[in-house]
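Chain by chain, the residues:
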Amino acid sequence: MWRQTSHARRVSAQRTDNVQVWSAARAALDGLPHGAGLNIAHEAVDRHVLHGRGGETAIRWLGKKGDRRELTYEQLRDESNRFANLLVGLGVVPGERVFVLLGRVPELYVSVLGALKHRTVVCPLFSSFGPEPIKQRVNLGSASVLVTTAAHYARKIVPIRSELSTLRHVVLVSDDVAPEPEDGVMSWALLMGEASSSYRIGPTSPEDPALLHFTSGTTGTPKGVVHVHEAVVAHHATGTHVLDLRAGDIFWCTADPGWVTGTSYGIVSPLTHGATLIVDEADFDVDRWYGILQSERVNVWYTAPTAIRMLMRAGTKAVRGHDLSALRVVASVGEPLNPEAVIWGRAAYGMDILDNWWQTETGGIMIANRPGLAVKPGSMGVAVPGIEAQILRRDPAGHLEMNDGEPAIEPPGVDGELALRVGWPSMFRAYLGMEDRYRKCFAGSWYRTGDLARIDDDGYFWFVGRADDVIKSAGHLIGPFEVESALMEHAAIAEAGVIGIPDPVIGEVVKAFVVLKQGVVDDPALRRDLMAHARRKLGAVIAPREIVVRNELPHTRSGKIMRRLLKARELEAHG
Amino acid sequence: MNRTSAEMDRLVREVLSDIAAEADINALPADKDLRDALDIDSVDFLNFIAALHEQTGVDVPERDYPSLTTIARCVDYLSKASVADS
């Protein structure tokens, strides 16, 4: 009894603190001149120029082939202004959706920031997506503009172009491929060359939509998660509290902006702090990465468990030859970092790897191991300042226990559903066009994360698992339904069930079980054809790494495939 | 077991087409960067290395991954490694 009372008192005191945390965080930003509101791009770029720091490096780009390019804050302001004017020139108005399908090149950053200035809603898509996921997302988001390369355009957009009915303009960043002249397809270089480098950001309400990221659910289509300009308050504050970002820091977030981490922390948060972003165009490579950490003198490094586990395989010897003395903070997000990796990090880097937890929907880091707090290896840390997190009681069917409109909260040590009290600035404001699914994410004054976890007596959270069938591979959520639907489009497949299989490096790998149509002969050529079909439709990241042919799949009485049973059998078979 | 370069080239292409099943591997120039030409990510690449190991017995340490960027370089690497082993 005493404990509950003290807990209640603590909670109410914390709530008052949280309000203060966010008002202090708002005060740390400038707002648009003349009280015209709050715009992410102004906080990330323009204000630094106004404060006399325009000559400092905003982006240091490292090309795949060893080339380098730097953009100062002033240049980034001018370039993003040009892009905003480019949109004006195309007749694109605030609120419309601008999609970006690019590798990690400077044009990606310029487009995102320019689109934010023009108050369009920007959606960076992962460039490894195949035509199917692109089509679905472009259509769900009713994109008006797509910025991509000629190579991506030819390979991924042309085959689906006629099905993208809202898309009016395609802007091609030049690469090796010469684009065919076509209606509605224009050259980035040409348009940017004509656009003025001065642009005045129009009045922006903190509640205006700014960013769109897609996330996968168990069933149905991916969900378009909408974030507003006010999210920048949380991006900035968590950059301080969790990543210890300071002006002038060299900061490297290894995530691609096609995923929420690569936008919130690969673009917005570090720029609001006046840091220098390292942008590496190339993919993971042990020597390259240690080389970058050393030669760029990276101070703060935000990466993912998959990368850390791959670095572990290379051993501490690979680290030894490199001078990582500039490194102050190493943080990780995407899936729980196993305790061994935290311990290894101490030996390899001489510091704790700070694991943290958040989701596309939360827009920013919510629970974290952070500088100055003892790290418990294997835990995702404690709620960050401004956030109240609790564990909600669930019955075996997944229903919450509600009392007077509020869910029952579990005491420490009991598994339940992780939930966050609503009201933080980077909370998502909608699933685009899916009001019902949005509403279902909330119970009373809590946002339900769909993650199962428990809290210990010290307030540290421990991840238990997903409450649904969503697959977490290399830190990315993959919806089994999306993969199954693509497989079902193959003429030979009658039925498909897709699950995640535990993997020591990437968390889970996508595995598909299919039943063939009557009369179809299962042979190596067919297997290869199925794999080719899946990869062509979905792209390498989402496509199954393995497709198994079965005579039948387990079903519920209503005819749905029982992915859980499929998974349990699979785990049993492989011990 | 020593393979000729032509055999090794065939083997590398065979392994690649199991991974990037959607691509026309036979039409891929031997000196083209694999990651640029094909839609393969780092997981695919690890699977590629594992499959090469299975087929040839050659162990590729992490450090040498950057040497395996094209079919020609793979053939070269594997041929040298198999000679060293035998």
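Heads up: the structure comes first, above all this text.
An account of the accompanying structure is given in this report. Numbering of residues begins from 1 in every chain and follows the order in which that chain's sequence is written. Numbering of ligands from 1 and lettering of chains from A proceed in the order in which they are written. Per-residue local features of the predicted model are confined to residues with pLDDT of at least 70, and side-chain atom pairs are confined, for both listing and counting, to 80 or more; whole-chain, interface and lining totals are unaffected and use all residues.

## A short note on the overall build of chain A
Point 1. Helix numbering and strand numbering both begin at the N terminus, where a helix is a DSSP run of H or I of at least 4 residues and a strand a DSSP run of E of at least 2. A count of helices and strands for chain A gives 17 helices and 29 strands.
Point 2. We compute the radius of gyration over the C-alpha atoms and compare it with the globule rule, which gives 2.2 Å times the number of residues raised to the power 0.38. At 24 Å, chain A has a C-alpha radius of gyration in line with the 25 Å of a compact globule built from 575 residues.
Point 3. Each principal axis of the C-alpha distribution contributes one length, and for chain A these read about 70 × 65 × 55 Å.
Point 4. Counting the 575 residues in chain A, one finds 50% classified as buried.
Point 5. A pair of residues counts as a contact when their C-beta atoms, built from backbone coordinates, are within 7 Å of each other. By sequence separation, contacts in chain A at least 24 residues apart represent 69% of the contacts at least 6 residues apart. The exposure label follows from counting other C-beta atoms within 10 Å of a residue's C-beta, where the C-beta atoms are placed from the backbone and the thresholds are 20 or more for buried and 12 or fewer for exposed, leaving partly exposed in between.

## Comments concerning the overall build of chain B
Point 1. Looking only at helices and strands, one finds 4 helices and 0 strands in chain B.
Point 2. Element order for chain B, N to C, with α for helix and β for strand: α-α-α-α.
Point 3. Here the C-alpha atoms of chain B give a radius of gyration of 12 Å, agreeing with the 12 Å that 2.2 N^0.38 yields for 86 residues.
Point 4. Each principal axis of the C-alpha atoms in chain B carries an extent, and together these give about 35 × 25 × 20 Å.
Point 5. Out of the 86 residues belonging to chain B, those deemed buried represent 31%.
Point 6. Partitioning the intrachain contacts of chain B with sequence separation of at least 6 by distance along the chain shows that 58% fall at a separation of at least 24.

## A word on the interface of chain A and chain B
Point 1. Between chain A and chain B, the residue contacts involve 19 residues of the former and 14 residues of the latter.
Point 2. Taken together, the elements giving at least two residues each to the side of chain A that touches chain B come down to helix 10 (286-295), helix 11 (305-314) and helix 16 (524-538) of chain A.
Point 3. Counting residues per element, the side of chain A that touches chain B draws most heavily on helix 16 of chain A, at 5 residues.
Point 4. Asp, Glu, Lys and Arg are counted as charged, while Ala, Val, Leu, Ile, Met, Phe, Trp, Tyr, Cys and Pro are counted as nonpolar; the rest, among them Gly, fall into the polar class. For the side of chain A that touches chain B, the residue count by class is 9 nonpolar, 2 polar and 8 charged.

## A few points about the nonpolar core
Residue and element names in this part refer to chain A.
Point 1. Put simply, a nonpolar core is a cluster of buried Ala, Val, Leu, Ile, Met, Phe, Trp, Tyr and Cys residues tied together by C-beta atoms within 7 Å. In terms of nonpolar packing, the biggest core is built from 180 residues, with Phe99, Val100, Val122, Met366 and Ile367 touching the most fellow members.
Point 2. In terms of residue count, the dominant contributor to this core is helix 4 (residues 106-117) (7 residues).
Point 3. In this structure, Val122 is in contact with Val98, Val100, Val112, Ala115, Leu116, Leu211 and Leu212, ignoring residues within four places of it in sequence.

## Describing the pairing of strand 20 (residues 416-421) of chain A
All names here are of chain A.
Point 1. For strand 20, the tally of buried residues reaches 5 of 6 residues, placing the bulk of the element in the interior.
Point 2. Across 4 bridges, strand 17 (residues 389-392) lies against strand 20 in antiparallel orientation. In the strand pairing of strand 20, Ala389 is matched with Leu420.
Point 3. Summarising the sheet, strand 20 and strand 23 (residues 446-455) pair through 5 bridges and their orientation is antiparallel. From the neighbouring strand, Gly416 faces strand 23, where its bridge partner is Ala453. Two strands are said to pair when DSSP picks up at least two bridges between them.

## Considerations on the packing of helix 2 (residues 40-50) of chain A against helix 3 (residues 73-89) of chain A
In helix packing, the relevant descriptors are the interaxial angle and the interaxial distance, both defined with respect to the helix axes.
Residues and elements named next belong to chain A.
Point 1. Angles shown run from 0 to 180 degrees and are taken between the N-to-C directions of axes, each axis being a line fitted to C-alpha atoms and, for helices, limited to the stretch in contact. Helix 3 packs onto helix 2 with a crossing angle of 125 degrees between their chain directions and a minimal axis gap of 8 Å. In terms of their interaxial angle, helix 2 and helix 3 are classed as oblique. The handedness of the crossing between helix 2 and helix 3 is left-handed. On helix 3, the residues touching Ala41, Val45, Asp46, His48 and Val49 of helix 2 are Tyr73, Glu74, Leu76, Arg77 and Ser80. Comment on the angle field: the value is read as roughly parallel under 35 degrees, roughly antiparallel over 145, roughly perpendicular from 65 to 115, and oblique elsewhere. We call a crossing left-handed when the near helix sits turned anticlockwise from the far one by less than a right angle, and right-handed when that turn is clockwise.

## Considering helix 10 of chain A
All names here are of chain A.
Point 1. Every buried residue of helix 10 is accounted for by Trp289, Ile292 and Leu293. The buried residues of helix 10 all sit within an arc of 95 degrees when viewed along its axis, so they share a single face.
Point 2. Tucked inside the fold, the buried residues of helix 10 contact strand 1 (57-62), strand 10 (250-253), strand 11 (276-280) and strand 12 (300-303). Along the arc lie the directions from the helix axis toward the C-beta atoms.

## Some words on unusual backbone geometry
Residue and element names in this part refer to chain A.
Point 1. If you check the backbone angles, His34 has positive phi at about 60 degrees while not being a glycine.
Point 2. Relative to the assigned elements, His34 resides in the loop between helix 1 (2-27) and helix 2.
Point 3. The phi dihedral of Ala474 falls on the positive side, at around 50 degrees, and the residue is not glycine.
Point 4. By the element assignment, Ala474 lies in the loop between strand 25 (471-473) and strand 26 (476-478).

## Examining helix 8 (residues 231-241) of chain A
The α-helix winds at 3.6 residues per turn, so residues separated by three or four positions along the chain end up facing the same way.
Point 1. Within helix 8 of chain A, 10 of the 11 residues are buried, leaving the element largely enclosed by the surrounding structure.
Point 2. Within the span of helix 8 of chain A, buried status applies to Ala231, Val232, Val233, Ala234, His235, His236, Ala237, Thr238, Gly239 and His241 of chain A.

## Things to note about the packing of helix 1 (residues 5-19) of chain B against helix 3 (residues 42-56) of chain B
Residues and elements named next belong to chain B.
Point 1. In the contact formed by helix 1 and helix 3, the axes pass within 10 Å of each other and the chain directions differ by 140 degrees. Judged by the inter-axis angle, helix 1 sits oblique to helix 3. Here helix 1 and helix 3 pass one another in a crossing that is right-handed. Touching Leu11, Val15, Leu16, Asp18 and Ile19 of helix 1 are Asp44, Asn47, Phe48, Ala51, Leu52 and Gln55, all from helix 3.
Point 2. Residues that form the contact of helix 1 with helix 3 fall into these classes: 7 nonpolar, 2 polar and 2 charged.

## Digging into the sheet that holds strand 2 (residues 68-72) of chain A
Residues and elements named next belong to chain A.
Point 1. With mixed pairing, 9 strands are arranged side by side in an open sheet as 2-1-11-10-12-13-14-15-16. In the strand order of this sheet, the two ends are held by strand 2 and strand 16 (382-383), each with one partner.
Point 2. Where helix 9 (residues 260-272) meets the sheet, it contacts strand 1, strand 10, strand 11 and strand 12, and its direction lies at approximately 170 degrees from that of strand 10.
Point 3. Helix-sheet contacts for helix 13 (residues 339-349) involve strand 13 (329-332) and strand 14 (353-357), and the interaxial angle to strand 14 is about 145 degrees.

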